[in-house]
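# Architecture and fold: a report
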Amino acid sequence: AGEKSPAKGKKHGKPRPMPDVARMYMDDQAEAKTPMVFVTRDGDLHATVMESGKYRHLLCVDGEPTEVEKLALEYHYKQVDADTVAEKVVHDPSMDTENPRRQGRWLSNRDLWVSRQQWIPVRLTLRAAAQFTGLIEWFTPYAIKLNIGLRGKDGTASVILHRHAVVRLDMLAEPKEEPRSTP
């Protein structure tokens, strides 16, 4: 009757925040001066990242510093992955690009997490009708890194999709049921 629960003796602090992998990724590209392609609804920007910010990126486009609002971006990728991206991107002809609306599954963290944990391929459709199929490497509240295939013989090609631009998520296999824990 007078026993303490083992959990009561422990001090619980604030949970540690998860690292912002999207920001770390962009900082790495800025440091390496990696040639990148940033895709907007208005076209492609071939650039290197000068500085990554919360709401915008400072890019070097044709030798000139250029601020780009993140909300204008659909996706981006390394220039070295351009051939694979061109081969893998599909355009959904049924998409109304003038009035894009969320369709299909809501883009929930749970669906993204289950897909990542169980290696379930996904197809993501963007508001400009671009579709990518692949495996999720990581995601944040703002971005998803999707591995889309091999880059020649030297690595995995990937795209960073901006979540605000995603209108549909299709999981291409059914998730396995999670075992229920027993008390």
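Going by the structure above, here's the rest.
The numbering scheme is per chain: residues are counted from 1 as the chain's sequence reads. Whole-chain, interface and lining totals are the exception, using all residues; otherwise, since this is a predicted model, local features are given only for residues with pLDDT of at least 70 and side-chain atom pairs are given and counted only at 80 or more. Note that the side-chain values use all heavy atoms of the structure and ignore hydrogens as well as water.

## Some remarks on the overall build of the chain
Selection criterion: Here a strand is any run of E in DSSP of at least two residues, a helix any run of H or I of at least four, and the numbering for each starts at the N terminus. The contact criterion used throughout is that any non-hydrogen atoms of two residues lie within 4.5 Å. Only the protein chains shown count as cover for residues, with accessible areas throughout obtained via the Shrake-Rupley method and a probe of 1.4 Å.
A tally of regular secondary structure across the chain gives three helices and eleven strands. If you list the helices and strands of the chain from N to C, you get α-β-β-β-β-β-α-β-α-β-β-β-β-β. Put simply, of all contacts in the chain between residues at least 6 apart along the chain, 56% involve residues at least 24 apart. Carbon and sulfur atoms form 52% of the exposed surface of the chain, whose accessible area is close to 12100 Å².

## A few points about the nonpolar core
What counts, and what does not: Only buried Ala, Val, Leu, Ile, Met, Phe, Trp, Tyr and Cys residues count toward a nonpolar core, and they belong to the same one when joined by side-chain atoms within 4.5 Å. For every residue, the accessible area (1.4 Å probe, protein chains only) is compared with the maximum for its type, and the residue is labelled buried under 20%, exposed over 50%, or partly exposed between those bounds.
Grouped together as the largest cluster of nonpolar side chains are 28 residues, with contacts concentrated most on Y75, L124, F132 and L146. For this core, the leading source of residues is strand β8 (residues 130–139), giving four residues. Sequence-distant contacts of L146, defined by excluding residues within four places in its chain, comprise V122, L124, F132, T133, G134, L135, I136, A157, S158, V159 and L161.

## Description of the layout of surface pockets
Our working rule: Cavities and pockets were defined on a 1 Å grid built from protein atoms only: a cavity is a group of points that admits a 1.4 Å probe but offers it no way out, a pocket is an open group of points flanked by protein on both sides within 12 Å along at least five of seven lines, and a lining residue is one with an atom within 4 Å of any such point. Grid points are joined across faces, edges and corners, and a volume is the space filled by probe spheres set on the points. Residues are grouped as follows: Ala, Val, Leu, Ile, Met, Phe, Trp, Tyr, Cys and Pro are nonpolar; Asp, Glu, Lys and Arg are charged; every other residue, Gly included, is polar.
Its volume calculated, the largest pocket comes out at about 780 Å³. Around the largest pocket, the lining comprises 30 residues; the ones closest to its centre are D20, T140, P141, Y142 and A143. Of all the secondary structure elements, the ones that give two or more residues to the lining of the largest pocket are α1 (21–32), α3 (109–117), β8 and β10 (156–162). Sort the elements by how many residues they give to the lining of the largest pocket and α1 lands first, with five residues. For the lining of the largest pocket, the per-class residue count stands at 15 nonpolar, eight polar and seven charged.

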